[in-house]
Amino acid sequence: GLDGVQKMSKSLGNHVGIDEPPAEMYGKLMSASDELMWKFMLLLSERSELEIEADRGRAASGELHPMRAKEGLALELVERYHGAAAARGAAEEFQRVHQKRELPSQIRTVPLAEVGPGKVWIVKMVAGLWSLSNSEARRQIAQGALKIDGEKASSASAEVEPVAGMTLQLGKHRFVRLD
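Just so we're clear, the structure is a prediction, and the values are computed from it rather than from any experiment.

Visitor: Could you clarify how one ought to interpret the overall build of the protein in this entry?
Guide: Tallying secondary structure elements over the protein gives eight helices and seven strands in all. The principal-axis extent of the C-alpha atoms belonging to the protein is close to 65 × 30 × 30 Å. Across the 179 residues of the protein, 40% fall into the buried class.

Here it is, written out as structure tokens:
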């Protein structure tokens, strides 16, 4: 599995599904550890074992950055199940969001009315937007996982006045724009 410990399983949440959207598949493969990536490559790539071992040696010597090898594997697998254009798009989206720290090209929008008029307790807003319990929302905020318009929100006791166009990010992968 993606954790490198347990078997790959949907019920354990550490799998890469062949029917997942290209960007999700690409992102999950990129999240695998460098060591695990070599195992995935041997099992899943159509490249020969000799080519893979040569790249592994180049990575060990510093000639090849492991992330480049991982990108190659992710591209190969996404292309196999979704096509070349989708694989390139997933790679570009990954670079935009995770390397350049930009917003994703597609963000879930939520009507401003669903958040409520006037100031709202930040915990209640986060819990409602991502279907979390108040205690889980509070924990996420306290750990610095929430950004509002790119700025970290760290106080779970704060009140926020939602406005149209406000972008919220929870963790690395969850985004919402108020509309």
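After presenting the structure, the write-up continues.
Visitor: I tried to follow the sheet that holds strand S7 (residues 174-178) on my own but got confused; where do I start?
Guide: Hydrogen bonding along the main chain pairs the strands of a sheet, whether they run parallel or antiparallel. The five strands are arranged S1-S7-S6-S3-S4 in an open sheet whose pairing can be described as mixed. In the strand order of this sheet, the two ends are held by strand S1 (108-110) and strand S4 (151-153), each with one partner. Going across the sheet, the axis of each strand differs from the next one's by a mean of 30°, ignoring polarity. Strand direction decides the pairing type here: S1 and S7, joined by three bridges, are parallel. Residue pairing for S7: valine 110 is matched across the bridge by leucine 178.

Visitor: I tried to follow helix H2 (residues 34-44) on my own but got confused; where do I start?
Guide: Owing to its 3.6 residues per turn, the α-helix aligns residues three or four sequence positions apart on the same side. Among the residues of H2, those classed as buried are Leu36, Met37, Trp38, Phe40 and Met41. Lining the buried residues of H2 we find helix H1 (22-31), helix H3 (49-61) and helix H4 (66-82).

Visitor: Explain H3 here, please?
Guide: Helix length check: H3 (13 residues) gives 18 Å between terminal C-alpha atoms against 18 Å at 1.5 Å per residue, within 8%. For H3, every residue scored as buried is listed here: Ile52, Asp55 and Ala59. Viewed end-on, H3 has its buried residues packed into an arc of 60°, placing them on one side of the element. Summarising the geometry of H3, the exposed residues directed more than 90 degrees from the buried face are Glu49, Leu50, Ala60 and Ser61. In this structure, the buried residues of H3 make contact with H2 and H4. Note on H3: the residue one or two positions beyond its end, glycine 62, has a positive phi of about 90°.

Visitor: Which parts of the structure should I look at to understand unusual backbone geometry?
Guide: Notably, arginine 101 is not glycine yet its phi reads approximately 60°, a positive angle. By secondary structure assignment, the location of arginine 101 is in the loop between helix H5 (84-99) and S1. Not every positive phi belongs to a glycine, and serine 131 is a case in point at roughly 50°. Its location among the elements puts serine 131 in the loop between helix H7 (122-130) and helix H8 (134-142).

Visitor: Explain the layout of surface pockets to me, please; I cannot follow it from the model alone.
Guide: Take a probe with the size of a water molecule and roll it over the atoms, and the empty space left behind shows itself. Approximately 610 Å³ is the volume attributed to the largest pocket. Lining the largest pocket are 21 residues, and of these Ala23, Val97, His98, Lys172 and His173 lie nearest its centre. For the lining of the largest pocket, the secondary structure elements donating two or more residues are H1, H5 and S7. Classifying every residue of the lining of the largest pocket by side-chain character gives nine nonpolar, five polar and seven charged. What the second largest pocket holds in volume is close to 360 Å³. Around the second largest pocket sit 17 residues that line it, and Arg101, Lys147, Gln169, Gly171 and Lys172 are the ones nearest its centre. The greatest single-element share of the lining of the second largest pocket, amounting to three residues, is contributed by strand S6 (residues 167-170).

Cut-offs used in this document
Residues numbered from 1 in each chain as written. Predicted model: local features only at pLDDT ≥ 70, side-chain atom pairs only at ≥ 80, totals over all residues. Heavy atoms only, no water. Helix = DSSP H or I, 4+ residues; strand = E, 2+ residues; numbered from the N terminus. Buried < 20%, exposed > 50% of the residue type's maximum accessible area, 1.4 Å probe, protein only. Pairing = 2+ DSSP bridges. Axes fitted to C-alpha atoms, helices over the stretch in contact; angles between N-to-C directions. Contact = heavy atoms within 4.5 Å. Expected span 1.5 Å × (residues − 1). Arc of directions from axis to C-beta. 1 Å grid on protein atoms, 1.4 Å probe; cavity = no way out; pocket = protein on both sides within 12 Å on 5 of 7 lines; lining within 4 Å. Points joined across faces, edges and corners; volume = space filled by probe spheres on them. Nonpolar A, V, L, I, M, F, W, Y, C, P; charged D, E, K, R; others polar.

That is the geometry; function is a separate question.
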